[in-house]
Amino acid sequence: MGSGRNEIRPVPYVDINWRDQVEFSTVKGLVIDLLYGKRWHGGLVGTMVWGRSSHDLAGLQVPTLQNTMQWGGYLEYGLTPELSLGVRLRHDIQNTRVAYGEVYAELALPKIGYLEHDIHFSQEAMNHAGMRRFFGLSAEDAARLGVNEYDPKAGASKTSLTYEGFLPTSESTGIAFSATVGRLNAGASDSPLVRNFGATVQKEIVAAFVYHF
C-alpha cells in the first residue's frame, strides 16, 4: 500500500460458495453470513493484506512489512435488489494492534449479454497503529532515507472504486476479472514514504479463468 511499483502475483483462484451463506475466495477472503435475511446480511469476515516487498523504496533498507491476516465482522443492508450498503471492521490476527474500518456501496449493473458485472465503492480507515505501520517513519528510518520522520494519526486511508465482472465461456467455464483504482487520503499520502518513494494513486487488476463444479 502506497508503493509506486508494479508487481505481478500469480495466485490460485478458488471461490467456494455454500448456500450463499459461506463464501471463501483466495482473492476476497472469507465471508460468513450469520443473518442471511432478505435485506440484512452480516457476520464474520477474514482477509489478508500483502506486506511491503523488499523491492519497494528502490532497495533502501527500510524494514519490510510481513503479510498479515485479519478477522472481523460486517453488516450489510440491501436498499434495492441491485444496491447494497455496508460496513466492515477488522483487526490483525498477529500482534500488531492494527484495526481497519470500511464503509462501502455495491451496485449490480444490468447484464450485457452473458456478462454479469457490478461496481463497488469503498472508503477505508485505520487506527493510529495501522497508519503508523503502513505510512509512519521513525526518526532512525527517516534519517537513513534522508527525509523527515512521520507519525500519522488515525483516520481515512484510501478511497477506492472497483469494477468487477464474470463472463461465461461455456456451461462450466468463464472469465472473472476486476479493476480497482484507489487514492490514498491525506494522512497516508502525506507520508514521505508515499511522497518521495511511492504513489498516491493505487491500481490493481485481477483476472482469472474459472472452471465451475
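Structure's up top.
Described in the following lines is the structure provided in the data block. Source: prediction; values computed, not measured.

About the criteria used
- Residues numbered from 1 in each chain as written.
- Predicted model: local features only at pLDDT ≥ 70, side-chain atom pairs only at ≥ 80, totals over all residues.
- Heavy atoms only, no water.
- Buried < 20%, exposed > 50% of the residue type's maximum accessible area, 1.4 Å probe, protein only.
- Helix = DSSP H or I, 4+ residues; strand = E, 2+ residues; numbered from the N terminus.
- Pairing = 2+ DSSP bridges.
- Salt bridge = Lys/Arg side-chain N within 4 Å of Asp/Glu carboxyl O.
- Axes fitted to C-alpha atoms, helices over the stretch in contact; angles between N-to-C directions.
- Contact = heavy atoms within 4.5 Å.

## Some points on the pairing of strand β5 (residues 68–78)
- The side-chain alternation of β5 yields one buried face, formed by Thr68, Gln70, Gly72, Tyr74, Glu76 and Gly78, and one unburied face, formed by Met69, Trp71, Gly73, Leu75 and Tyr77.
- Bridging between strand β4 (residues 40–49) and β5 involves 10 bridges; their strand directions are antiparallel. From the neighbouring strand, Val49 faces β5, where its bridge partner is Thr68.
- Relative to strand β6 (residues 83–92), β5 runs antiparallel, the two sharing nine bridges. From the neighbouring strand, Gly73 faces β6, where its bridge partner is Leu89.
- Between the end of β5 and the start of β6, which pair antiparallel, lie four residues.

## Concerning the pattern of salt bridges
- Overall, the coordinates contain four salt bridges when judged by the stated rule.
- Two residues, Lys28 and Glu164, come together in a salt bridge whose shortest N-O distance is 3.1 Å. Of this pair, Lys28 sits in the loop between β2 (22–25) and β3 (29–33) while Glu164 sits in strand β9 (residues 155–168), placing them 136 residues apart in sequence.
- Residue Arg88 pairs with Glu102 through a salt bridge whose shortest N-O separation is 3.0 Å. Placement of Arg88 in strand β6 and of Glu102 in strand β7 (residues 99–108) is noted, with a sequence separation of 14 residues between them. For the pair formed by Arg88 and Glu102, the shared burial category is buried.

## Focus: the sheet that holds β6
- With respect to topology, 11 strands assemble into an open sheet ordered β1-β2-β3-β4-β5-β6-β7-β8-β9-β10-β11, the strand pairing being antiparallel. Both outer strands of the open sheet, β1 (15–18) and β11 (201–211), are each paired with one neighbouring strand and no more. Between one strand axis and the next, the sheet turns through 15° on average, direction left out of account.
- Note: β2 against β3, four bridges, orientation antiparallel. For Val22, the partnering residue across the bridge sits in β3 and is Ile32.
- Along the sheet, helix α1 (residues 128–135) contacts β4, β5, β6, β7, β8 (116–126), β9 and β10 (173–184); its crossing angle with β8, the most-contacted strand, is approximately 100°.

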